[in-house]
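Fold and geometry: a report
Spelled out from the first residue to the last, the chains are:
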Amino acid sequence: TTGAPLPEGADAVAKQEHCARNGADVSLPALKPGADVRAVGSDWALGDELCSASTPLTPSDVAIIAAAGHDTIIVNRRPRVRVFSSGAELHVRGPFDATRQIKDANRAGLIALLSDGSSFGGNAVVED
């Protein structure tokens, strides 16, 4: 199952770990015809979904795409996002004055939501 073509006349593959070597001699196990041989094109069928759209590509996905013979693919870049809160009443750091300030919870929640799929470019509180 190496992916290499079989030599002419061969009908099975002997796994190296099942063979024994004694100097220049190699002993092979008894093999049934077709052992560890896969037919050309048997990795997947025409129309099989190799990778799901709208899902971040993994290194395994890239290898599968290359094995399927695709040199290039069309992808969407993750959005680059900055989060800004505005308001003089927002408390970020330092002593909290409950009579004049509110916690900046929305910015923290948005940052957490974006951290899963976006390229996060920073955040800040800006003046009204």
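Quick caveat: nothing in here was measured; it's all calculated off a predicted structure. (Residues numbered from 1 in each chain as written. Predicted model: local features only at pLDDT ≥ 70, side-chain atom pairs only at ≥ 80, totals over all residues. Heavy atoms only, no water.)

1. Comments concerning the overall build of the protein
Which entries qualify depends on this criterion: Working definition: helices are DSSP H or I runs of at least four residues, strands are E runs of at least two. Numbering for both runs from the N terminus. The globule rule used for comparison is 2.2 Å times the number of residues to the exponent 0.38, while the radius of gyration itself is calculated over C-alpha atoms. Note on contacts: a residue pair is in contact if any heavy atoms of the two residues lie within 4.5 Å. Throughout, the Shrake-Rupley method with a 1.4 Å probe supplies accessible areas, and for residues the shown protein chains are the sole cover considered. We count Lys and Arg on the positive side and Asp and Glu on the negative side, and we leave His and both chain ends out. In this description, the location of a charge corresponds to atom NZ of lysine, CZ of arginine, CG of aspartate or CD of glutamate.
From N to C terminus, the protein includes two helices and six strands. Going from N to C terminus, the protein has its helices and strands arranged as β-β-α-β-β-β-α-β. At 29 Å, the protein has a C-alpha radius of gyration far larger than the 14 Å of a compact globule built from 128 residues. Across its three principal directions, the C-alpha atoms of the protein cover 85 × 35 × 20 Å. Residue pairs in contact within the protein that sit at least 24 positions apart in sequence constitute 46% of those at least 6 positions apart. Just so you have it, the protein exposes about 10600 Å², and 53% of that area is on carbon and sulfur atoms. Here the protein holds 12 positive side-chain charges and 16 negative ones, and the gap between their average locations is 10 Å.

2. Details of a nonpolar patch on the surface
Inclusion rule: For patch detection, residues must exceed 30% relative accessible area and be free of salt bridges, and they are connected within 9 Å for like charges or within 5 Å for nonpolar side chains (Val, Leu, Ile, Met, Phe, Trp, Tyr). Every case where a carboxyl oxygen of Asp or Glu lies within 4 Å of a side-chain nitrogen of Lys or Arg is listed as a salt bridge. The cut-offs for exposure are 20% and 50% of the maximum accessible area for each residue type, with area from a 1.4 Å probe on protein chains only; residues under the lower value are buried, those over the upper are exposed, and the others partly exposed.
A contiguous nonpolar surface patch, about 330 Å² in accessible area, is contributed by Leu-57, Val-62, Ile-73 and Val-75. Here Val-62 lies in helix 1 (residues 59-67). For Val-62, a relative accessible area of 47% corresponds to the partly exposed category.

3. Side note on the packing of aromatic side chains
To be explicit about the condition: Two rings from Phe, Tyr or Trp (for Trp, the six-membered ring) form a pair when their centres sit within 6.5 Å of each other. Planes less than 30 degrees apart are called stacked, planes more than 60 degrees apart edge-to-face, and all others tilted. Whether a charge sits over a ring depends on NZ of Lys or CZ of Arg being within 6 Å of the ring centre and within 35 degrees of the ring normal.
Applying the stated rule across the entire model yields zero aromatic pairs. For Lys-103, the ring lying beneath its charged end belongs to Phe-96, and the centroid distance is 4.3 Å.

4. Looking at unusual backbone geometry
For Asp-36, which is not a glycine, the phi torsion comes out positive at approximately 55 degrees. Given a relative accessible area of 30%, Asp-36 falls into the partly exposed group.

5. Some words on the side chain of Arg-107
Inspection of the secondary structure puts Arg-107 in helix 2 (residues 105-114). With residues up to four places along the chain from it excluded, the contact list for Arg-107 reads Val-83, Ser-85, Val-92, Asn-123, Ala-124 and Val-125.

6. A word on the pattern of salt bridges
Going through the model one piece at a time under the given rule, you end up with four salt bridges. As a salt-bridge pair, Asp-36 and Lys-15 come within 3.8 Å of each other at their nearest N and O atoms. Of the two residues, Asp-36 sits in the loop between strand 2 (25-27) and helix 1 while Lys-15 sits in the segment before strand 1 (20-22), which places them 21 residues apart along the sequence. A salt bridge links Asp-43 to Arg-38, with the shortest nitrogen-to-oxygen separation between them at 3.7 Å. Judged by its relative accessible area of 51%, Asp-43 is exposed.

7. Some thoughts on the side chain of Asp-61
Its location among the elements puts Asp-61 in helix 1. Contact partners of Asp-61, with chain neighbours within four places excluded, come to Cys-51 and Pro-56.

8. Some words on the environment of Gly-47
You can see Gly-47 is positioned in the loop between strand 2 and helix 1. Taking the C-alpha atoms as reference points, Gly-47 and Gly-87, separated by 40 residues in sequence, lie 53 Å from one another.

9. With respect to the confidence of the model for the protein
Worth spelling out the cut-off: As a per-residue quantity, pLDDT reports the predictor's confidence and falls between 0 and 100.
Taken as a whole, the protein shows an average pLDDT of 85; of its residues, 93% reach a score of 70 or greater. Within the protein, no element has a lower average pLDDT than strand 6 (residues 119-126), which sits at 70, and none a higher one than strand 2, at 94.

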